[in-house]
Amino acid sequence: MFLTRLVYTSTIADNFSPQDIEAIIEIARKNNRKHNVTGMLCFNRKYFLQCLEGSRTQVNKIYYNILNDPRHSNIIMLDYKEITSREFSEWSMGYIPESSLTAPINLKFSGTPEFDPYKMSGESAFQMLLALRESVPSL
Ligand SMILES: Cc1cc2nc3c(=O)[nH]c(=O)nc-3n(C[C@H](O)[C@H](O)[C@H](O)COP(=O)(O)O)c2cc1C
């Protein structure tokens, strides 16, 4: 049961509605708790940036579901690695809203003040999630 961490980004579907994000977080927390998967999800009404941690089997299964979800597209894996311990063990799926994705935090971890994870390395994206986690209530 090797621990792994996967980081990916994606773009919301054209017909994405505000209720979709609530539904995604609800199902993510329910499923992730059941399968001991933890992580963080950033969303700015344009892009998603998500980190999933857990057993290799469960992270791969959930990522497979995510890849086939019509609520987003252009899904790009930024990083995937075996890890020795989790960084988000207190969050079944912590949610980082657009209001937290400020110009200073984007500038610290990317080339521009805008949130655009397609222009970030996997390591920068992960470091940004680490920097933001303190402000996210554990759930
Ligand atoms: C951006 C995004 C993030 C998601 N994150 C998760 C997640 O962390 N865990 C999860 O189980 N499903 C997640 N989902 C939902 C899955 O794509 C899929 O709908 C769900 O796993 C199906 O669960 P079910 O088979 O129990 O209905 C996410 C979907 C999107 C669009």
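Colleague: Looking at this structure, I do not really get unusual backbone geometry. What am I missing?
Modeller: Working note: non-glycine residues mostly have negative phi, and peptide bonds are mostly trans. The phi dihedral of Asn 36 falls on the positive side, at around 55°, and the residue is not glycine. Residue placement: Asn 36 occurs in the loop between α1 (18-35) and β2 (38-43). The backbone of Asn 74 shows a phi angle near 50°, a positive value even though the residue is not glycine. Since its relative accessible area comes to 47%, Asn 74 is described here as partly exposed.

Colleague: Even after reading the chapter, I still don't get the pattern of salt bridges, so can you show me in this structure?
Modeller: Once their charged atoms are close, side chains differing in charge can pair, the charge on each being opposite to the other. By the definition in use, this model includes nine salt bridges. Where Arg 5 meets Glu 53, a salt bridge forms, and the shortest distance between an N and an O atom there is 3.6 Å. You can see Arg 5 sitting in strand β1 (residues 3-12) and its partner Glu 53 sitting in strand β3 (residues 47-55), a full 48 residues away along the chain. Assessed through its relative accessible area of 7%, Arg 5 is described here as buried. One salt bridge in this structure joins Glu 98 and Arg 45, with 2.8 Å as the shortest N-O distance. Of the two residues, Glu 98 is situated in the loop between β5 (94-96) and α3 (103-109) and Arg 45 in the loop between β2 and β3; the sequence distance between them amounts to 53 residues. Of the residues examined, Glu 98 reaches a relative accessible area of 33% and is grouped as partly exposed.

Rules of the game
- Residues numbered from 1 in each chain as written.
- Predicted model: local features only at pLDDT ≥ 70, side-chain atom pairs only at ≥ 80, totals over all residues.
- Heavy atoms only, no water.
- Helix = DSSP H or I, 4+ residues; strand = E, 2+ residues; numbered from the N terminus.
- Buried < 20%, exposed > 50% of the residue type's maximum accessible area, 1.4 Å probe, protein only.
- Salt bridge = Lys/Arg side-chain N within 4 Å of Asp/Glu carboxyl O.

Purely spatial values, then, with no claim about function.
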